[in-house]
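Descriptive analysis of the structure
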Amino acid sequence: MNIGEAAEATGVTAKMIRHYEQIGLVRAAGRTGAGYRVYGPKDLSTLSFIRRARDLGFSIAQIRDLLALWQDRARASGDVKRIASQHVAEMKEKMRLLQEMVHTLEHLSAHCHGDDRPDCPILEQLATGMAEEKCC
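My aim in this report is to walk through the structure given alongside it, one point at a time. Just so we're clear, the structure is a prediction, and the values are computed from it rather than from any experiment.

Side note on the overall build of the protein chain
Each helix and strand in the protein chain was counted, giving six helices and two strands. Reading the protein chain from its N end, one meets helices and strands in the order α-α-β-β-α-α-α-α. In terms of C-alpha radius of gyration, the protein chain reaches 23 Å, well past the compact-globule figure of 14 Å for 136 residues. In the protein chain, which comprises 136 residues, the share counted as buried stands at 24%. The contacts of the protein chain with a sequence gap of at least 6 include a subset with a gap of at least 24, amounting to 42%. When the accessible surface of the protein chain is totalled, it reaches about 9300 Å², and 57% of it is carbon and sulfur.

Side note on the packing of helix H3 (residues 41–55) against helix H4 (residues 60–71)
The geometry of H3 relative to H4 is characterised by a closest axis approach of 10 Å and an angle of 135 degrees between their N-to-C directions. Comparing their axes, H4 and H3 come out oblique. By crossing handedness, the relation of H3 to H4 is classed as right-handed. Between H3 and H4, the contacting residues are Ser45, Thr46, Phe49, Ile50, Ala53 and Arg54 on the first element and Ile60, Ile63, Leu66, Leu67, Trp70 and Gln71 on the second.

Focus on the packing of aromatic side chains
Evaluation of the coordinates by the stated rule reveals one aromatic pair. Aromatic side chains Phe49 and Trp70 sit 4.5 Å apart centroid to centroid with 20 degrees between the ring planes, which places their arrangement in the stacked category. Taken together, the residues span a long stretch of sequence, with Phe49 in helix H3 and Trp70 in helix H4 at a distance of 21 residues. Using a relative accessible area of 18% as the deciding quantity, one classes Phe49 as buried.

What to know about H3
Over its 15 residues, H3 extends 21 Å from the first C-alpha to the last, a length consistent with the 21 Å expected when each residue adds 1.5 Å. For H3, the full list of buried residues reads Asp43, Leu44, Thr46, Leu47, Ser48, Phe49, Ile50 and Ala53.

A word on the packing of helix H1 (residues 3–10) against helix H2 (residues 14–22)
Between H1 and H2, whose axes approach to 9 Å, the crossing angle comes to 100 degrees. Classified by the angle their axes make, H1 and H2 are roughly perpendicular. Across from Ile3, Ala6 and Ala7 in H1, the residues of H2 making contact are Ala14, Ile17 and Arg18. Broken down by class, the residue content of the contact of H1 with H2 amounts to five nonpolar, no polar and one charged.

Basis of the calculations
- Residues numbered from 1 in each chain as written.
- Predicted model: local features only at pLDDT ≥ 70, side-chain atom pairs only at ≥ 80, totals over all residues.
- Heavy atoms only, no water.
- Helix = DSSP H or I, 4+ residues; strand = E, 2+ residues; numbered from the N terminus.
- Rg over C-alpha atoms; globule rule 2.2 N^0.38 Å.
- Buried < 20%, exposed > 50% of the residue type's maximum accessible area, 1.4 Å probe, protein only.
- Contact = heavy atoms within 4.5 Å.
- Areas by Shrake-Rupley, 256 points an atom, 1.4 Å probe, with all protein chains shown as cover.
- Axes fitted to C-alpha atoms, helices over the stretch in contact; angles between N-to-C directions.
- Parallel < 35°, antiparallel > 145°, perpendicular 65-115°, else oblique.
- Left-handed = near helix turned anticlockwise from the far one by under 90°.
- Phe/Tyr/Trp six-rings, centres within 6.5 Å; stacked < 30°, edge-to-face > 60°.
- Expected span 1.5 Å × (residues − 1).
- Nonpolar A, V, L, I, M, F, W, Y, C, P; charged D, E, K, R; others polar.

What follows is the structure, given as structure tokens:
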């Protein structure tokens, strides 16, 4: 299977397949006599694994660790759980920070008249970091 077919079969773009090969996340594909990449079932499984892990937001470093554990039949499931639990904690922290941003923007938007006046608490906050209570 060539790179285009592998991309279609796995949902990973050809560009990303090349990138994953370049950074050593997946082994370099075999080559035809003409130099075209050739992918087999094991390669497709690995690429699909990576795509699903990326869909869940795992970082490249985490995926590298998960791939190593997936390929290690003597692995301890606790090692996999540790990576997943750490990722959940990171996502929860990102969600908390996003919620803070939403709250700040809602507050600033509520205090902006949105009319023809030039004063605006949103721009003031961006320019000076003044307290959110500043209103136009």
